[in-house]
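# What the coordinates show
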Amino acid sequence: QVRLVESGGGLVQAGGSLRLSCAASGSILGINDMGWYRQAPGKQRELVATITSGGGTNYADPVKGRFTISKDNAKNTVYLQMNSLKPEDTAVYYCNAHIVGVGFRDDFWGQGTQVTVSS
């Protein structure tokens, strides 16, 4: 089985920073795209940032220039460095990964980590 475990969320004042981590574990042969999504109360889940197996990155417009996605292939871990946080960044942040294993190729999600930015 495959698990994605997120950490690093919390409460921060506007203008502050947080770093989220997401570690994949289990019967993994390879990981393709990884990414972060977020869901605010009453809103749909939305893309924040993605990173390909080759290291190419993509960001949603609201976070460009403030957030940075990166990964450590040896640790099967993806990170999201969030700087200059705004109250509108408040949401549950979810990690996503497209993982290849023995007999499967599928998208997996973490359990989510709460990020709250106070004004």
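Reading guide: rules and limits
- Residues numbered from 1 in each chain as written.
- Predicted model: local features only at pLDDT ≥ 70, side-chain atom pairs only at ≥ 80, totals over all residues.
- Heavy atoms only, no water.
- Phe/Tyr/Trp six-rings, centres within 6.5 Å; stacked < 30°, edge-to-face > 60°.
- Helix = DSSP H or I, 4+ residues; strand = E, 2+ residues; numbered from the N terminus.
- Buried < 20%, exposed > 50% of the residue type's maximum accessible area, 1.4 Å probe, protein only.
- Lys NZ or Arg CZ within 6 Å of the ring centre and 35° of its normal.
- Core = buried A, V, L, I, M, F, W, Y, C linked by side-chain atoms within 4.5 Å.
- Contact = heavy atoms within 4.5 Å.
- Disulfide = S-S within 2.5 Å.

### Some details on the packing of aromatic side chains
Under the defined criterion, the tally for this structure stands at two aromatic pairs. Ring geometry for Y37 versus W109: centroids 5.1 Å apart, planes at 65°, classification edge-to-face. On the criterion of sequence distance, the pair formed by Y37 in strand β4 (residues 30-39) and W109 in strand β10 (residues 104-109) is long-range, its members being 72 residues apart. Judged by relative accessible area, which is 22%, Y37 ranks as partly exposed. It is R45 that lies over the ring of Y94; its NZ or CZ is 3.7 Å from the centre. Above the ring of W109, the side-chain terminus of R45 is found at 4.7 Å from the ring centroid.

### With respect to the nonpolar core
W36, L80, M82, Y93 and I99 are the most contacted members of the largest nonpolar core, which has 32 residues in total. For this core, the secondary structure elements donating two or more residues are β1 (2-7), β3 (18-26), β4, β5 (46-51), β7 (67-72), β8 (77-82), β9 (91-101) and β11 (113-118). For this core, the element with the highest residue contribution is β9, accounting for five residues. Setting aside residues no more than four positions away along its own chain, L80 makes contact with L18, R19, L20, W36, V48, A49, F67, T68, I69 and Y93.

### Brief notes about the state of the cysteines
What the rule picks out here adds up to one disulfide. The residue that forms a disulfide with C22 is C95, at a sulfur-sulfur distance of 2.1 Å. Because the torsion about its S-S bond is -80°, the bridge between C22 and C95 counts as left-handed. Of the two residues, C22 is situated in strand β3 and C95 in strand β9; the sequence distance between them amounts to 73 residues. Of the two residues, C22 and C95, both sit in the buried class.

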